[in-house]
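Letter by letter, the chains look like this.
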Amino acid sequence: MSDEKMKILQVYRSEPNSDVQTLVEILNRDRDADEFKLYVNNPNYDTLFQKIWAADKTVCWW
Amino acid sequence: MAADPNKLGIFVTSNQNMRHILGLTRAAKRAGKEVMVFFTFKSVHLTKSPEFLELTQMCKVEDVAICADSYICEGFDNVTDIPPGLTDKQMRTQAFHGAILEECAKYIVM
Amino acid sequence: MESLKIYVLIANRVYNDGIRSGLGLAVENHYAYPVIMNGEFPRMSDYMAENIAWIADMEGEVFSCGVDAPTDLPEGTEMTNITLEELGEKMREADVIIPYGLPKQSHEPPAACGE
């Protein structure tokens, strides 16, 4: 699997601060990036599960 | 041992995400997957919530564990106060986290 | 199993236990890189100093990101200063990234936290 095609999922447990945004921007560069916000009302866990399963790597931020 | 393609690992480091852990575990079970969970440090307080027993009932006995050292550090008794849903064998070390990384095809931190 | 590169990000003073957790993975034959963010340093007990030294012995490294590491660390205890951008670039090579515990607090802790 080439690095460029890595599917990376960014999950946020709270609203990301500027540090997290900077790190995510670097991590997502040249990758197939997706995200999921857990801090919204009633997150859809089936959708989260599907995204995790589709991703090569998941990062779940604070 | 190769990772099990049907297993999700959850590494729990925070003490405030029980609803996410339960919600994701339910979703995984609906999709026919197994879930392996390790609670460490402050997250061992989540064993005191009623939802913890529900979580253990969705997973195989050997697939849920807590860090025994963390449990003791937080003031709980690891002999007389084993959380409902756990056996004494599931009071483990950080090696269980290593096992999650080895055995689970997918992994998330909570 | 192959050895994984694992970054443990510590953004909250209460969650320096992430260093111990990183050591636990180093013992399991992984490369552990705990990162202390923005000066949330642990109290440098003998136990903590030993853990940091042991991570280095196991080919891992403890980083300080955002604030320079203290210069009075116990002998044998090293932290490597790293910028946020450098950390991001390094973590592109990570197998696992663990934002540990809770995010940074908005306010400085009151004196009661010291007891």
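Treat the numbers as computed from the prediction; the structure is a model and nothing was measured. (Residues numbered from 1 in each chain as written. Chains lettered and ligands numbered in written order. Predicted model: local features only at pLDDT ≥ 70, side-chain atom pairs only at ≥ 80, totals over all residues. Heavy atoms only, no water.)

(A) Highlighting the overall build of chain A. A tally of regular secondary structure across chain A gives 2 helices and 3 strands. When the elements of chain A are put in sequence order from the N terminus, they spell out β-α-β-α-β. For 62 residues, the compact-globule estimate of 2.2 N^0.38 gives 11 Å, and the C-alpha radius of gyration of chain A, at 12 Å, lies within 12% of that figure. Dimensions of chain A, computed from the C-alpha atoms along their principal axes, are close to 35 × 30 × 10 Å. A buried classification covers 48% of the 62 residues belonging to chain A. (Helix = DSSP H or I, 4+ residues; strand = E, 2+ residues; numbered from the N terminus. Rg over C-alpha atoms; globule rule 2.2 N^0.38 Å. Buried < 20%, exposed > 50% of the residue type's maximum accessible area, 1.4 Å probe, protein only.)

(B) The pattern of salt bridges, seen in detail. Summed over the entire model, instances satisfying the criterion amount to 11 salt bridges over all chains. For A:Arg29, the salt bridge identified is with C:Glu89, shortest N-O distance 2.7 Å. Here C:Glu89 lies in helix H3 (residues 84–91) and A:Arg29 lies in the loop between helix H1 (18–28) and strand S2 (32–37), a pairing that spans two chains. Taking the relative accessible area as the measure of exposure, C:Glu89 reaches 36% and is therefore partly exposed. The residue B:Lys29 makes a salt bridge to B:Glu34 at a minimum N-O spacing of 3.4 Å. Using a relative accessible area of 24% as the deciding quantity, one classes B:Glu34 as partly exposed. (Salt bridge = Lys/Arg side-chain N within 4 Å of Asp/Glu carboxyl O.)

(C) Representation of the interface of chain A and chain B in the model. Facing 14 residues of chain A, the contacting portion of chain B comprises 20 residues. With both sides pooled, the region where chain A packs onto chain B buries about 1,400 Å², and carbon together with sulfur makes up 64% of that total. When the buried surface of chain A facing chain B is broken down by residue, A:Tyr45, A:Phe49 and A:Trp53 rank first, second and third, together holding 45% of it. Joining chain A to chain B, the criterion identifies 1 salt bridge. Residue A:Asp46 is joined to B:Arg30 by a salt bridge in which the shortest nitrogen-to-oxygen separation is 3.1 Å. Between chain A and chain B we count 5 residue pairs in polar contact (both at pLDDT 80 or more) in total. With 6 residues, the single largest contributor to the side of chain A that touches chain B is helix H2 (residues 45–54) of chain A. (Contact = heavy atoms within 4.5 Å. Buried area = accessible area lost by both parts, 1.4 Å probe. Polar contact = N/O pair within 3.5 Å; in protein donor to acceptor, adjacent residues only side chain to side chain.)

(D) Region of interest: the nonpolar core. Ranked by internal contacts, the top residues of the largest apolar core, which has 37 residues, are A:Leu48, B:Ile10, B:Ile21, B:Leu24, B:Phe39 and B:Ile108. Among the secondary structure elements, those contributing two or more residues to this core are strand S1 (7–12) and H2 of chain A together with strand S1 (4–12), helix H1 (18–30), strand S2 (34–39), helix H2 (50–58), strand S3 (64–67) and helix H3 (68–73) of chain B. Here the element with the most residues in this core is H1(B); it accounts for 6 residues. Contacts of B:Leu24, omitting those with residues within four sequence positions, involve A:Tyr45, A:Leu48, A:Phe49, A:Ile52, B:Leu8, B:Ile10, B:Ile108 and B:Met110. One finds B:Cys67, B:Ala99, C:Ile55 and C:Met79 within the second-largest nonpolar core, a separate group that totals 35 residues. (Core = buried A, V, L, I, M, F, W, Y, C linked by side-chain atoms within 4.5 Å.)

(E) Local environment of H1(A). Residue and element names in this part refer to chain A. Among the residues making up H1, those that are buried are Asp19, Val20, Leu23, Val24, Ile26, Leu27 and Asn28. Its side-chain oxygen at 3.1 Å from the backbone nitrogen of aspartate 19, asparagine 17 defines the N-terminal cap of H1. Backbone geometry just after H1 places aspartate 30 at a positive phi near 60°.

(F) Just the pairing of strand S3 (residues 57–61) of chain A, in detail. Of all 5 residues in S3(A), 5 are buried, a share of seventy percent or more. Residues A:Lys57, A:Val59 and A:Trp61 point to one face of S3(A) and A:Thr58 and A:Cys60 to the other, with burial holding for every one of them.

(G) Quick look at the packing of H1(B) against H2(B). Residue and element names in this part refer to chain B. For the pair H1 and H2, the least separation of the axes is 10 Å and the interaxial angle reads 25°. One element, H1, and the other, H2, form an angle in the roughly parallel class. For the element pair H1 and H2, the recorded crossing hand is left-handed. Taken together, the residues of H2 that come into contact with H1 (itself represented by Met18, Ile21, Leu22, Thr25, Arg26 and Lys29) are Glu51, Phe52, Glu54, Leu55 and Met58. Each residue belonging to the contact of H1 with H2 can be placed in one class, and the counts come to 6 nonpolar, 1 polar and 4 charged. (Axes fitted to C-alpha atoms, helices over the stretch in contact; angles between N-to-C directions. Parallel < 35°, antiparallel > 145°, perpendicular 65-115°, else oblique. Left-handed = near helix turned anticlockwise from the far one by under 90°. Nonpolar A, V, L, I, M, F, W, Y, C, P; charged D, E, K, R; others polar.)

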